[in-house]
Amino acid sequence: MGFVVVGLTGGIGSGKSTVARFFSDELGVPVVDADRIAREVVAPGTPGLAAVVEAFGEGILGPDGALDRAKLGEVVFADEAARRRLESILHPLIGATSMERLAGYAGEGHPYALYEAALLVETGRHETFAALVVVAVDEATQVARVMARDGLDEAAARARLASQLPLADKAAAADYVIDNGGPLEETFAQAREVHAALLARFAEAT
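Figured I'd write up the structure that's included with this text. (Residues numbered from 1 in each chain as written. Predicted model: local features only at pLDDT ≥ 70, side-chain atom pairs only at ≥ 80, totals over all residues. Heavy atoms only, no water.)

**Observations regarding the overall build of the chain**
Per the secondary structure count, the chain includes ten helices and five strands. By the compact-globule yardstick of 17 Å for 206 residues, the chain fits well, its C-alpha radius of gyration being 18 Å. Over its C-alpha atoms, taken along the principal directions, the chain stretches across nearly 50 × 45 × 30 Å. Counting over 206 residues, the chain shows a buried share of 43%. For the chain, long-range pairs separated by at least 24 residues make up 72% of all intrachain contacts whose partners lie at least 6 apart in sequence. (Helix = DSSP H or I, 4+ residues; strand = E, 2+ residues; numbered from the N terminus. Rg over C-alpha atoms; globule rule 2.2 N^0.38 Å. Buried < 20%, exposed > 50% of the residue type's maximum accessible area, 1.4 Å probe, protein only. Contact = heavy atoms within 4.5 Å.)

**Things to note about the sheet that holds strand 2 (residues 31–33)**
On the basis of which strands lie adjacent, the open sheet formed by five strands has the order 2-3-1-4-5 and parallel pairing. Here the strands that pair on one side only, and so sit at the sheet edges, are strand 2 and strand 5 (176–179). Averaged over all adjacent pairs, the angle separating strand axes in this sheet is 25°, with direction ignored. Here strand 1 (residues 4–10) pairs with strand 3 (residues 112–116) via five bridges, running parallel. The residue bridging Leu8 from the neighbouring strand is Glu116, located in strand 3. Taken strand by strand, helix 1 (residues 16–25) contacts strand 1, strand 2, strand 3, strand 4 (131–136) and strand 5, and its axis lies near 160° from that of strand 3. The strands that helix 5 (residues 80–106) touches are strand 1, strand 2 and strand 3; relative to strand 2, the one it contacts most, it runs at about 170°. (Pairing = 2+ DSSP bridges. Axes fitted to C-alpha atoms, helices over the stretch in contact; angles between N-to-C directions.)

**Quick word on the nonpolar core**
Nonpolar side chains tend to gather and get buried jointly when the protein is soluble and globular. By size, the foremost hydrophobic cluster in this structure holds 35 residues, and its most contacted members are Val52, Phe56, Leu72, Leu90 and Tyr115. It is helix 5 that contributes the most residues to this core, six residues altogether. Beyond its immediate chain neighbours, meaning those up to four positions away, Tyr115 contacts Val5, Val6, Gly7, Leu8, Val32, Ala34, Ile94, Ser98, Leu102, Leu120, Arg125 and Phe129. Counting residues in each nonpolar core, the second largest holds 21 residues, with Val31, Leu114, Val133 and Ile178 among its members. (Core = buried A, V, L, I, M, F, W, Y, C linked by side-chain atoms within 4.5 Å.)

**So, the packing of aromatic side chains**
Enumeration over the complete set of coordinates arrives at two aromatic pairs. Centre to centre, the rings of Tyr115 and Phe129 are 5.6 Å apart; their planes meet at 20°, and the pair counts as stacked. Of the two residues, Tyr115 sits in strand 3 while Phe129 sits in the loop between helix 6 (120–123) and strand 4, which places them 14 residues apart along the sequence. Residue classification places Phe129 among the buried positions, given a relative accessible area of 13%. One cation-aromatic arrangement involves Arg85 over Phe56; the distance from NZ or CZ to the ring centre is 5.9 Å. (Phe/Tyr/Trp six-rings, centres within 6.5 Å; stacked < 30°, edge-to-face > 60°. Lys NZ or Arg CZ within 6 Å of the ring centre and 35° of its normal.)

**Side note on the side chain of Ser14**
Of note, Ser14 is situated in the loop between strand 1 and helix 1. By relative accessible area, Ser14 is classed as buried at 0%. Ignoring any residue separated from it by four or fewer positions in sequence, one finds Ser14 in contact with Val135, Val137, Arg145, Leu167 and Asn180.

The structure is reproduced here in structure tokens:
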């Protein structure tokens, strides 16, 4: 059957990165983090950063020559055409780098790898993966975590949540749901169960 890639997503404040680290560090599953790659492709000296500067000007750079994400955000979040232009630059770079990493893992004998990204369901990309794992919590927990993590008031935290698809909708699209609303020990126990299920499902791939 061949090496397969499983999508891992969740909502803001759901703890998907915590779950991804557990899969990687404790279960030995390769994880490709789309957010991390998005930073790598615009690091100083990269063609990606040069393309972004050409599109939006040197005003998006900090004093050290690195991308100032806050300044770029001010430009693109208020202008859909600008946001689409940025995506047209970054998405191919992120996709190519992700595929390169996954191809490297494919030769190492793993039954599957995880591709961790925030907007898999929103973009419809979840349908391209062999399976989808969603990390879910209730909305009140999401709001509380975002307020605590980012120093926001409740209205601002709820505005962040509103920019993404509700977690319940993401969970409805999932093959496996990990509830991260309780103690971490319970979350990790569920992750082990999902890992076992994925191994049983894709073990013949190796």
